[in-house]
Amino acid sequence: MQKRILTWVKPTSNQLHLWNYFGSILPLFQLLKKHDDAEVFLFIASMHAYTTLHDAAQLQNNTMSVLKLYRAMMQAYWLADEKIRIFNSVDVPWHAQLAWVFQCLTNMWFMERMHAYKDAVAHKKAGEVSVGTFTYPILMAIDILLYDTACVPVWKDQKQHVEYARDMAQKFNHLYGETFVLPEPIIQESVATITGTDWRKMSKSYNNYIWLLDDAETIRKKVARIPTAALSIDQPKNPDEDNIYAIHKHFLTTEEDQQLRQQYIQWWLSYKDAKQALADRIIAFVEPIQWFYNQIDEEALKKMLTNNADYCNQIAQRKIQDVYQKIWFNF
Ligand code: TRP
């Protein structure tokens with residue numbers, strides 16, 4: 001069987017920003033290159049977004065926009081539809097179906113250790129989060145295990161969840177015989193270093209992001225607002241202490257990076273020029289993505305989703321039949 005890699009996007013926003021690109025999309029494309037023969041699933045985690053987002057129109061709008069963006073990026077990188085199977089877990093009813101079984105096999109104390117819930121307890125908000133937020137890692141384990149996933153690229157904050165999925169697979173296999181593949185988390189380290197336009201991590205909550213759908217003028221304005229040190233044109237500058245460089249370096253090849261660093265250190269590089277170079281770079285980068293985004297035919301997109309849902313349903317159904325037989329739900 002082909003090795004399966006599973007990744008996700010949670011539609012809590014209707015846009016993706018540069019951080020999303022460098023933090024999860026680019027690593028996925030790189031992983032794809034490295035594991036050319038692997039089968040990659042990318043699911044839209046609408047069910048997970050629903051733990052906190054209850055506005056139907058917003059959930060629908062976010063899901064559609066994020067989907068279109070992913071599709072546009074795949075097209076901009078010439079990736080065929082089957083290279084990354086995008087689907088929505090709500091189209092595969094077996095996720096929710098298996099959740100009951102896993103809930104019955106998971107002890108309370110195990111879930112109470114999960115960090116999202118522990119955070120809520122620490123902030124004295126445990127009574128206010130939804131039960132879905134509490135059991136969220138169970139659904140996540142199912143997302144992974146239903147498809148015999150071998151690896152899950154995650155950041156450190158999700159490692160605990162993948163480990164729970166692994167424990168769950170082990171527990172089930174131990175109780176009922178070989179059923180689930182044990183998934184491995186692939187930890188991505190570097191993403192936390194992507195700074196926003198104010199030197200903090202790029203994040204929606206800081207309002208310091210650059211969206212992939214920002215137009216050229218907006219990008220120039222945002223870049224112009226990046227705070228810099230008070231150094232004049234003829235003073236050498238330390239690239240490692242500069243917000244403009246911190247963003248720019250992600251776009252550069254090693255050689256280009258060396259050149260830019262030299263310019264900071266030795267040449268007369270003004271912050272104005274550094275900003276202009278960065279804005280040009282970002283604009284050139286988002287242009288093809290936006291071009292493809294604007295061409296997307298929503299009907300074709302829905303067809304792709306349906307096809308992928310059919311494909312995933314078949315895999316998931318086989319798995320659930322196996323589970324049901326073993327736990328004696330099929331009689
Ligand atoms: N927990 C992930 C997040 O908050 C989303 C997620 C849901 C996920 N199911 C998953 C991640 C399965 C990896 C695999 O972002």
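Residues numbered from 1 in each chain as written. Predicted model: local features only at pLDDT ≥ 70, side-chain atom pairs only at ≥ 80, totals over all residues. Heavy atoms only, no water.

A. Examining the site of the ligand more closely. In the region of the ligand, the neighbouring residues are L6, W8, K10, F43, H48, Y136, M140, D143, I144, V152 and Q158. The separation between an oxygen atom of the ligand and a polar side-chain atom of W8 is 2.9 Å. Alone, the ligand offers 360 Å² of accessible surface; in the complex the protein occludes 93% of this. More than half of the atoms of the ligand fall within 2 Å of the grid points belonging to the largest cavity. Where the shell around the ligand is concerned, the elements lending two or more residues are β1 (4–9) and α7 (131–145). Among the residues making up the shell around the ligand, the classes are represented as seven nonpolar, two polar and two charged. (Near = heavy atom within 4 Å. Polar contact = N/O pair within 3.5 Å; in protein donor to acceptor, adjacent residues only side chain to side chain. Areas by Shrake-Rupley, 256 points an atom, 1.4 Å probe, with all protein chains shown as cover. 1 Å grid on protein atoms, 1.4 Å probe; cavity = no way out; pocket = protein on both sides within 12 Å on 5 of 7 lines; lining within 4 Å. Sits in = over half its atoms within 2 Å of the grid points. Helix = DSSP H or I, 4+ residues; strand = E, 2+ residues; numbered from the N terminus. Nonpolar A, V, L, I, M, F, W, Y, C, P; charged D, E, K, R; others polar.)

B. Seen up close, the pairing of β1. Where burial is concerned, most of β1 is hidden: five out of the six residues are buried. In this sheet, strand β2 (residues 39–44) lies alongside β1 in parallel orientation, the contact comprising six bridges. Paired with I5 across the strands is V40, a residue of β2. With helix α1 (residues 18–34) bridging β1 and the parallel β2, this β-α-β connection has right-handed handedness. (Buried < 20%, exposed > 50% of the residue type's maximum accessible area, 1.4 Å probe, protein only. Pairing = 2+ DSSP bridges. Right-handed = clockwise from strand over helix to strand, strands pointing away.)

C. Seen up close, the domain arrangement of the protein. Its domain assignment divides the protein into domain 1 (4–193 + 298–326) and domain 2 (214–292). On the side of domain 2, eight residues touch domain 1, which itself brings 11 residues to the contact. Carbon and sulfur atoms make up 81% of the surface buried where domain 1 meets domain 2, a total of about 870 Å² over both sides. Here domain 1 is connected to domain 2 by zero salt bridges. Remark: the boundary between domain 1 and domain 2 carries zero residue pairs in polar contact (both at pLDDT 80 or more). Secondary-structure elements contributing two or more residues to the side of domain 1 that touches domain 2 are α1 and α3 (56–76). For the side of domain 1 that touches domain 2, the element with the highest residue contribution is α3, accounting for five residues. Here the side of domain 1 that touches domain 2 is composed, by residue class, of nine nonpolar, two polar and no charged. (Domains from an automatic or database assignment. Contact = heavy atoms within 4.5 Å. Buried area = accessible area lost by both parts, 1.4 Å probe. Salt bridge = Lys/Arg side-chain N within 4 Å of Asp/Glu carboxyl O.)

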